[in-house]
Amino acid sequence: MISTILQLPRQTKQVLMFLFDFCIIIGVLFLSFALRLDYWFYPVGDYDLLIVIYAAPLLALPIFIYYGFYNEVIRYVGFKALWRIFQGVSVYSTLWGLITFMASIDSIPRSVILINWLLILIIVIGSRLSLRWLLSEININNNVLIYGAGEAGIQLSTALNGSKEFKLVAFIDDDIDIYNQSINGLRVFSKNDLKYLIEKEKINEVFLAIPSISRKKRKEIIDFLEPLPVLVRSLPSLSELAQGKVKVNDLLEIDVKDLLGRELVYPNRNLLKINISEKVVLVTGAGGSIGSELCRQILLLKPKKLVLYEISESALYIIEQELTNIAKTSIEILPVIGSVSDNGRLEYICNFYGVETIYHSAAYKHVPLVEFNQSQGVLNNAIGTRLAAEAAISAKVETFVLISTDKAVRPTNVMGASKRIAELTLQALAKEQNSTCFTMVRFGNVLDSSGSVIPLFKKQIKDGGPLTVTHSEVVRYFMTIPEAVELVIQAGAMAKGGEVFILDMGEPIRIYDLAEKMIKLSGLQVRNESNPNGDIEIKYTGLRPGEKLYEELLVDGDFTDTENKLIMRAEEDMISWDKLEPTLDQLSDASMHLDMEKIYKLLNKLVPQFNPKSNVTDD
């Protein structure tokens, strides 16, 4: 019945509510007389009284319409709507009483006027609240808990009261002072009651409404929830929440960065500005994962101009449109199509726009793809960096920052070896000249980048699995893209020339453990030998070409501290330019002619630690 009514057009539902009020206005007047006289009363022959009773809707309904009784969506009736109902009913009851008084109808006791006001108020408000309750209960099988009974949790509970998707059952909070108390009509339980509640109330999801707690504490709560058969969603952190009330749409699936437990380190604002503010900045690979985030953060630091240098037209268009919408200022955003291997093009662009700082993030980064296209990986990553650096020197660019990778350390793949050669090139050029300050920043995997395992796992969970892990013991360092980019900018500002800066990536994470956590926090179970009825299986696919079980951040030597505790300066061996240049020329020639045997020989010469694990070639 209610489902049928719900499917009716809104105007039809308004007419039904209008007719309901029409009937109860008359019925309540008769009931008021009955309550006052203590027997059922019908004024036979008293035509004046019959007229003021049966004509009451003609007085009341225009008042109800004026006060918006029929404009409210019943599912979302709140305090303001109830206040308007109180006002409308009070105006009607008062006018009806005045009219009967002025008409000198003696058969109407004065108390009937008060009883009529009270009854009509109770029934009109009660009917709306009852319908709201019925509508909130029907077809909602998604029972949820809110973890956190603070301000954010209370605002979220208010938002959920009008939700068509979620039925809020209770609060969970660690504060023993509010244990067993009631907030918004919901009882507050402790986290020790979670398992009981999930089983008794058939809870499907837990919403974390604790945006102000530390990452470490947040991770502890997530680890506690992980074994439970519920989907965990979270409000963004305070720094990410928009101003205004919390909305259901603000809820996100648990962000993998919460699993890392890394505390934020606030940046040095002066370091951020040194190479960017009021300067002409160019980003190579501007449409990539790292490059696009560099552009976003650079824009906030108010450069004079921002040059987007990108070989992919579609990627360039997307980032240029995004930045244009963000900027809305006088900052010039200049989209340039070009390859880093075309040093004539890059030198011309640097001279034409007067580029002062370059962030070189253009690179082929997908290890298996580069293993299948090895000569192109060398040409783009190693030779391309050399050509870009030489263009920067010719154009008298002040600062050149290379985005490097932990795969450059004792590489087992061509991608890593090519990036190590890029580092060696900048180190040698830094010693060879003093017009451009060259530096590089080395770090591990970033979450949600195009090559990261995280988006793959999310898609595989959505598709029902299996999740694919190359090896049970594979471990990786992880960092969020915004954090990595913020540290890159600060490291570049500390450069004197030729340094390798290394970012503190925290503790490495086993990929299998990450896959398992993501499955469980999605409210699902891992299917394995001990749990054959689980939802999603984790499959081992074997190490990919060139892949290592673990990555390192330091080739040799030692670290020294910097102004930022998450940035370290590495002291490593280098090759002088007079020895490096002829070998780079040979490597370029061999790559152009697809001479894989010579490429491998030269890679081993330049990077003695290179220990290839793949026989895949593109010759």
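Thresholds applied
- Residue positions are given per chain, counting from 1 as you read along its sequence in written order.
- The predicted origin of the model limits local features to residues at a pLDDT of at least 70 and limits the giving and counting of side-chain atom pairs to 80 or more, whereas totals for whole chains, interfaces and linings rest on all residues.
- Side-chain figures throughout are based on the complete set of non-hydrogen atoms in the structure, without hydrogens or water.
- Each helix corresponds to a stretch of at least 4 residues labelled H or I by DSSP, and each strand to a stretch of at least 2 residues labelled E; elements are numbered beginning at the N terminus.
- Burial classes follow relative accessibility: with a 1.4 Å probe on protein chains only, a residue under 20% of its type's maximum area counts as buried, one over 50% as exposed, and anything between as partly exposed.
- The criterion used for residue contact is that any of the two residues' heavy atoms lie within 4.5 Å.
- Under the convention used here, a 1.4 Å probe and the Shrake-Rupley method define accessible areas, while residue burial counts only the protein chains that appear.
- Working definition: a ring pair exists when centres of Phe, Tyr or Trp rings (six-membered ring for Trp) sit within 6.5 Å. Plane angles under 30 degrees give stacked, over 60 give edge-to-face, the rest tilted.
- Here, a charge over a ring is recorded when the distance from Lys NZ or Arg CZ to the ring centre is within 6 Å and its angle to the ring normal is within 35 degrees.
- Values of pLDDT, ranging from 0 to 100, describe the predictor's confidence in every residue of the model.
- DSSP calls a pair of strands paired once it identifies at least 2 bridges connecting them.
- Simply put, an axis is a line fit to the C-alpha atoms, just over the touching stretch for a helix, and the angle between two N-to-C directions goes from 0 to 180 degrees.
- Take the buried Ala, Val, Leu, Ile, Met, Phe, Trp, Tyr and Cys residues and link them wherever side-chain atoms come within 4.5 Å; each set so joined is a nonpolar core.

Enquirer: Run through the overall build of the protein, naming residues and quoting values.
Expert: Along its length, the protein carries 22 helices and 23 strands. Relative to its full complement of 619 residues, the protein shows a buried share of 52%. For the protein, contacts bridging at least 24 residues in sequence account for 74% of all contacts bridging at least 6. Of the roughly 29,500 Å² that the protein leaves accessible, carbon and sulfur atoms contribute 55%.

Enquirer: Could you give an account of the packing of aromatic side chains, with specific residues and numbers?
Expert: On inspection of all chains with the given rule, the structure shows 11 aromatic pairs. Arranged with centres 5.3 Å apart and planes meeting at 85°, the rings of Y66 and Y67 form a pair that is edge-to-face. Accessibility expressed as a relative area gives 68% for Y66, which makes it exposed. Put simply, the rings of F30, W40 and Y54 touch in pairs and so form one group of aromatic residues. Above the plane of the ring of F224 lies K191, whose end atom (NZ or CZ) is 5.0 Å from the centre.

Enquirer: Go over the side chain of Q374 with me, naming the residues and quoting the values.
Expert: Mapped onto the elements of the fold, Q374 is located in helix α16 (residues 374-394). We classify Q374 as buried; its relative accessible area is 0%.

Enquirer: A description of the environment of G153 should follow, citing residues and the corresponding values.
Expert: The topology assignment puts G153 in helix α7 (residues 151-160). Take G153: its relative accessible area is 0%, and that puts it in the buried class. Separated by 54 residues in sequence, G153 and F207 have C-alpha atoms that sit 8.8 Å apart. Aside from chain neighbours lying at most four places away, what touches G153 is I146, G148, F171 and A209.

Enquirer: Hey, could you go over the confidence of the model for the protein for me, with residue numbers and the actual values?
Expert: Across the protein, the average pLDDT comes to 82, with 84% of residues at 70 or higher. Counting contacts from residues 238-250, a segment whose pLDDT is below 50, to residues more than four positions away or on other chains yields 24 contacts.

Enquirer: So what's going on with the pairing of strand β21 (residues 536-540)? Which residues, and what values?
Expert: Pairing geometry for strand β15 (residues 467-469) and β21, over three bridges, is parallel. Bridge pairing in β21 places T468 opposite K539. Two strands pair when backbone bridges link them, and strand β20 (residues 526-527) and β21 are joined in this way by two bridges, in the parallel orientation. Residue pairing in the sheet places R527 in a bridge with E537 of β21.

Enquirer: Tell me about the side chain of S361, and name the residues and values.
Expert: Turning to its location among the elements, S361 is positioned in the loop between β11 (357-360) and α15 (367-372). Sequence-distant contacts of S361, defined by excluding residues within four places in its chain, comprise V283, T284, G285, I290, G291, L294 and I403.

Enquirer: Can you tell me about the sheet that holds β21, naming the residues and giving the values?
Expert: Pairing is parallel in the open sheet, where three strands are placed in the order β15-β21-β20. The open sheet has two free edges, formed respectively by β15 and β20, since each of these has just one partner strand. The strands touched by helix α18 (residues 453-462) are β15 and β21; relative to β15, the strand with the most contacts, the crossing angle is about 145°. Lying over the sheet, helix α20 (residues 511-520) contacts β15, β20 and β21, oriented at roughly 165° with respect to β21.

Enquirer: Requested: an account of the pairing of strand β5 (residues 203-208), with residues and values cited.
Expert: Taking burial as the measure, the six residues of β5 include five buried ones, the bulk of the element. Note that strand β1 (residues 143-147) and β5 share five bridges and pair parallel. When the sheet's bridge partners are listed, N143 is paired in β5 with I203. Looking at chain direction, β5 and strand β6 (residues 231-234) are connected through four bridges and run parallel. What sits directly across from E205, in β6, is L231.

Enquirer: Give a detailed account of unusual backbone geometry, specifying residues and quantitative values.
Expert: A cis geometry characterises the amide bond from G465 onward to P466, with omega recorded as 0°. Relative to the helices and strands, P466 resides in the loop between α18 and β15. One non-glycine residue, E278, lies in positive phi territory at about 60°. Tracing the sequence through the fold places E278 in the loop between α11 (269-274) and β8 (280-284). Assessed through its relative accessible area of 55%, E278 is described here as exposed. Backbone geometry at K302 places phi at a positive 60°, although glycine is not the residue there. Structurally, the position occupied by K302 is in the loop between α12 (289-300) and β9 (305-310).

Enquirer: Describe the nonpolar core, and please don't skip the residues or the numbers.
Expert: In this structure, L282, L587 and L603 are the most contacted members of the largest nonpolar core, which totals 56 residues. The element contributing the most residues to this core is helix α17 (residues 414-432), with 10 residues. Excluding residues that lie within four positions of it along the chain, L603 makes contacts with V378, V414, A417, I421, L587 and F610. Counting residues in hydrophobic clusters, the runner-up holds 42 residues, among them I298, I403, L487 and M505.

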